[in-house]
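Given next are the chains, with one letter for each unit.
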Amino acid sequence: MQKIRNIAVIAHVDHGKTTLVDGLLEQSGTFGDHEAHEERAMDSNDLEKERGITILSKNTAIRYKDHKINIIDTPGHADFGGEVERVLKMVDGVLVLVDAYEGVMPQTKFVVKKMLALGKKPIVVINKIDKPSADPERVVDEMFDLFTQMDADDDQLDFPIIYAAARDGIAKMDMEEEDGNFQCIFETIVNEVPLPEGSPDNPAQAQVFTLDYDNYVGKIGISRIFNGRLKKGDSVKLAKADGEMVAGKISKLIGFHGLNRMEIQEAEAGDIVAIAGMETVDVGDTVCDPVNPVALDPMHVEEPTLTVVFSVNDSPLAGQEGKHVTGNKIRERLEAEMTTNVAMKFEAAGEGQFRVSGRGELQITVLAENMRREGFEFGISRPEVIVKEIEGVKCEPFEHLVIDVPEDLGGTVIERLGKRKAEMKSMLPMGVGFQRIEFEIPARGLIGFRGQFLTDTKGEGVMNHSFLEFRPYSGSVESRQYGALISTEKGEAMAFSIFNLQDRGGMFIKPQDKVYEGMIIGEHSRSNDLSVNPIKGKAQSNVRSSGADEAIKLVPPRDMNLEKALEWIEDDELLEVTPESVRIRKRLLTENERKRASR
Ligand SMILES: Nc1nc2c(ncn2[C@@H]2O[C@H](COP(=O)(O)OP(=O)(O)OP(=O)(O)O)[C@@H](O)[C@H]2O)c(=O)[nH]1
Ligand SMILES: [Mg+2]
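Residues numbered from 1 in each chain as written. Chains lettered and ligands numbered in written order. Predicted model: local features only at pLDDT ≥ 70, side-chain atom pairs only at ≥ 80, totals over all residues. Heavy atoms only, no water.

Student: I would appreciate a short explanation of the overall build of the chain in the present structure.
Tutor: For the chain, the helix and strand inventory stands at 16 helices and 35 strands. Over its C-alpha atoms the chain spans a radius of gyration of 26 Å, differing by no more than 12% from the 25 Å that the globule rule assigns to 599 residues. Looking at the chain residue by residue over its 599 residues, the buried ones come to 54%. Across the chain, contacts joining residues at least 24 apart in sequence account for 71% of those joining residues at least 6 apart. Accessible area of the chain: about 26600 Å², with a carbon and sulfur share of 47%. Positive and negative side-chain charges of the chain, numbering 74 and 103 respectively, have mean locations separated by a distance of 6 Å. (Helix = DSSP H or I, 4+ residues; strand = E, 2+ residues; numbered from the N terminus. Rg over C-alpha atoms; globule rule 2.2 N^0.38 Å. Buried < 20%, exposed > 50% of the residue type's maximum accessible area, 1.4 Å probe, protein only. Contact = heavy atoms within 4.5 Å. Areas by Shrake-Rupley, 256 points an atom, 1.4 Å probe, with all protein chains shown as cover. Lys, Arg positive; Asp, Glu negative; His and termini not counted. Charge placed at Lys NZ, Arg CZ, Asp CG, Glu CD.)

What follows is the structure in structure tokens.
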């Protein structure tokens, strides 16, 4: 039997997980001498590269001496927290990273709690010790406090600590020591992480924790083998969550090494492999011995907390920029998404309307962004939190929110959050004129808050939140304070009119942008909506001289990307998303319709 160690890398967003995995691949010699690779090589899909975040957990394997170490890199963003929980069941130990300045953040708490509850062996990595503001001692204390609060057992509390600058390939076991390389990380993994339990001689049991899709072999289940052996061509039984047993055959077995996947003939207990050949495979399913099938405990999939409605685009500009515009196309695409993305749910919600639920705005934005890149055009409604009844009480999701703000702005932010039903939990100085304030807040109160927060803190504030639990409904919360500037005309926006409208509020459009009646072209500086004409040329001259037009000095428009726009809209508004544009509109396009509806 091989000497295998299975570990997951977990942390708050941006604390350096993927960078650390790069270093582990590099320093174990897994990349090979001449293999070119990009920074954060595991963040392999386009959106991950562009945004610099991990969206999907991914696994790799390295060799260290005569050990094979399977490593699963997980996403740190709270919206993808459900992934982390599933991944944790597949490993025997974890590297918990924490930024040497930022310290314990909401998602650190979330992942540490799950990891401890599952009885995993932690190795704490205090990362980014190179930062001038780094305070490793304070952060170690914070981690001890966190582990104690979360009922770590004695063995878990006795965690090894590694100090690292992952980006520079530096690590050491003591801050007083000279900088070393990752040798100490490999040694700690090999010495501290328990060997996998289970035996190759037992009947086969492998559990699927991630799905993948390949055009040639179809659906693939990435699985940890807990018992037995799996061979290419084996007949197996697939145990589903509902107890059903489906007969199947392993058409292909795929192993991992570094950034490569290769076909293998056989794998045994303890290892992590990809299994192809079973179209009905789902996350949590057990691939079992056909004669003696025993299912493993099903996996708990976190429930969605947020929902939006995707709809067929019915704006006056519909069909001009996208390839796929019909309800059928949108439905097919959403259905395909749900076959591999277990954290999201989807249901039809009327003619050309589809309710899509997930763990947060980012998860929904990532799906929408992928779809527009594939040529889709569609509308999206304002995100709503999912309210559910628990023991007869109406409950809604609550979040743990941490903000870091310049000291003189704390008051403003606290007041703002108070109106959104946030309850302050603590306030601490953070050095260099900043303070850290923690809150518990209904998720509803956070919708649309980020933009306001950045304005209030002049872009200097940092906010982080992660899901806490469902709690009784907290009554109404304050939402957007400003009205919309709504176009009354269809045509192309003129610089001259935009110039004249600038006093009314912040503009979202620039000259020559297409507009239509009912489209929102800016944020009014007052609370009411205002109808305006953005296509009026310069007075007294019917010649729209573009030369003269360009000479006007305009404030650059506010960049309303998909995420910002989604946060901004209200219930009576919609986003219009196409491969080329993100427009904001009123659901009801004419003023008459809106008046009638408001009566
Ligand atoms: N100064 C410093 N920066 C680092 C270090 N390690 C990583 N970074 C930077 O931190 C940023 C985030 O790194 P990632 O590796 O993407 O972080 P992550 O934890 O994988 O992030 P998510 O997957 O999105 O949760 C990048 O800009 C890295 O270059 C370090 O040791 N020192
Ligand atoms: Mg990452």
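More follows now that the structure is in view.
Student: Any chance you could explain the coordination of the magnesium ion (ligand 2) here in plain terms?
Tutor: Each protein donor to the magnesium ion (ligand 2) is listed here as T18 (OG1) and T54 (OG1); together their distances run 2.0 Å. Remark: T54 occurs in the loop between α2 (46-51) and β2 (58-64) and T18 occurs in helix α1 (residues 17-27); sequence separation between them is 36 residues. A single burial state applies to T18 and to T54, both of which are buried. (Donors = N, O, S within 2.8 Å, 3.2 Å for Na, K, Ca; no water.)

Student: Just checking my understanding: could you explain the site of ligand 1 for this structure?
Tutor: Near ligand 1, the surroundings consist of 18 residues, among which K17, T18, T19, T54 and D130 are the closest. In the environment of ligand 1, an oxygen atom lies 2.9 Å from a nitrogen or oxygen atom belonging to the backbone of G76. Between ligand 1 and the protein, one listed contact pairs an oxygen atom with a backbone N or O atom of A166 at 2.9 Å. Expressed as a share of its isolated accessible area of 650 Å², the protein-covered part of ligand 1 is 88%. (Near = heavy atom within 4 Å. Polar contact = N/O pair within 3.5 Å; in protein donor to acceptor, adjacent residues only side chain to side chain.)

Student: For this particular structure, what's the right way to read unusual backbone geometry?
Tutor: Note: most peptide bonds trans; most residues except glycine with negative phi. The backbone of D14 shows a phi angle near 70°, a positive value even though the residue is not glycine. By the secondary structure assignment, D14 is in the loop between β1 (3-10) and α1. Not every positive phi belongs to a glycine, and E391 is a case in point at roughly 50°. Along the chain, E391 falls in the loop between β23 (388-390) and β24 (393-406).

Student: Would you explain the nonpolar core in this entry?
Tutor: Within soluble globular proteins, side chains that are nonpolar tend to cluster in buried spots. Of all hydrophobic cores here, the largest spans 62 residues; its most connected members are I10, M115, I126, M143, F147, L230 and V287. Not counting the four nearest positions on each side in its chain, F147 is found in contact with V112, M115, L116, P122, V124, A152, Q156, L157 and F159. In terms of nonpolar packing, the next biggest core, distinct from the first, is built from 32 residues, F378, V385, L562 and V577 among them. (Core = buried A, V, L, I, M, F, W, Y, C linked by side-chain atoms within 4.5 Å.)

Student: Is there a simple way to explain the sheet that holds β1 in this structure?
Tutor: Hydrogen bonds along the backbone pair up the strands of a sheet, which may run parallel or antiparallel. Taken in spatial order, the seven strands line up as β2-β3-β1-β4-β5-β6-β7 in an open sheet, and their pairing is mixed. In the strand order of this sheet, the two ends are held by β2 and β7 (170-172), each with one partner. Going from strand to strand, the sheet's axes swing by 25° on average, the running direction of each strand aside. Here three bridges tie strand β6 (residues 161-165) to β7, and the two strands are oriented antiparallel to one another. Its bridge partner being in β7, Y163 is matched across the sheet by K172. (Pairing = 2+ DSSP bridges. Axes fitted to C-alpha atoms, helices over the stretch in contact; angles between N-to-C directions.)

Student: Could you clarify how one ought to interpret the sheet that holds strand β9 (residues 218-227) in this entry?
Tutor: Taking strand neighbours across the sheet as the criterion, the eight strands line up as β12-β11-β17-β8-β9-β16-β13-β14 in an open arrangement whose pairing is antiparallel. Pairing within the sheet leaves two strands with one partner each, and these edge strands are β12 (245-249) and β14 (260-264). Each strand of the sheet is rotated relative to its neighbour by a mean of 40°, with strand direction disregarded.

Student: How should the side chain of S315 be read in this particular structure?
Tutor: Mapped onto the elements of the fold, S315 is located in the loop between β18 (306-311) and α8 (327-340). Within the local environment of S315, its side chain forms a polar contact with the backbone nitrogen of L317, the two atoms lying 2.9 Å apart. Apart from residues lying up to four places away in sequence, S315 is in contact with Y516, E576 and R585.

Student: Mind showing me how you'd approach the side chain of R224 here?
Tutor: Looking at the secondary structure, you find R224 in strand β9. For R224, a relative accessible area of 2% corresponds to the buried category. Within the local environment of R224, its side chain forms a polar contact with the backbone oxygen of M90, the two atoms lying 2.6 Å apart.

Student: In this structure, what is going on with the pairing of β12? I would like to understand it.
Tutor: Looking down a regular strand, the side chains alternate between one sheet face and the other. In terms of strand pairing, strand β11 (residues 235-239) meets β12 through five bridges, oriented antiparallel. In the strand pairing of β12, V236 is matched with G248.

Student: In this structure, what is going on with the pattern of salt bridges? I would like to understand it.
Tutor: One side chain can pair with another of opposite charge once the charged atoms of both are near each other. If you walk through the whole model with that rule in mind, you get 52 salt bridges. A salt bridge links E438 to K109, with the shortest nitrogen-to-oxygen separation between them at 3.4 Å. Of this pair, E438 sits in strand β26 (residues 434-442) while K109 sits in helix α4 (residues 106-117), and the two are 329 residues apart along the sequence. Residue K109 is classed as partly exposed on the basis of its relative accessible area, which comes to 21%. One salt bridge in this structure joins D135 and R138, with 3.8 Å as the shortest N-O distance. A single salt-bridge network, built from bridges that share partners, covers R480, D529, D572, E573 and K586. (Salt bridge = Lys/Arg side-chain N within 4 Å of Asp/Glu carboxyl O.)

Student: Please clarify how the pairing of strand β35 (residues 582-586) should be interpreted in this entry.
Tutor: The buried fraction of β35 amounts to four of the five residues, a majority that puts the element mostly inside the structure. Linking strand β34 (residues 573-577) back to β35 in an antiparallel pair, the connection comprises four residues.

Student: For this particular structure, what's the right way to read helix α5 (residues 136-149)?
Tutor: Along an α-helix, residues three or four apart share an orientation, since each turn contains 3.6 residues. In this model α5 runs 20 Å from its N-terminal to its C-terminal C-alpha over 14 residues, within 8% of the 20 Å that 1.5 Å per residue would give. Every buried residue of α5 is listed here: P136, V139, V140, M143, L146 and F147. Projected down its long axis, α5 shows its buried positions confined to an angular sector of 125°, all on one face. Exposed residues lying more than 90 degrees from the buried face of α5 are E137 and Q149. Buried-residue contacts for α5 involve β4 (93-99), α4, β5 (121-127), α6 (154-157) and β6. With its phi angle positive at about 60°, D151 sits one or two positions after the end of α5. (Expected span 1.5 Å × (residues − 1). Arc of directions from axis to C-beta.)

Just geometry here; none of it tells us what the structure is for.
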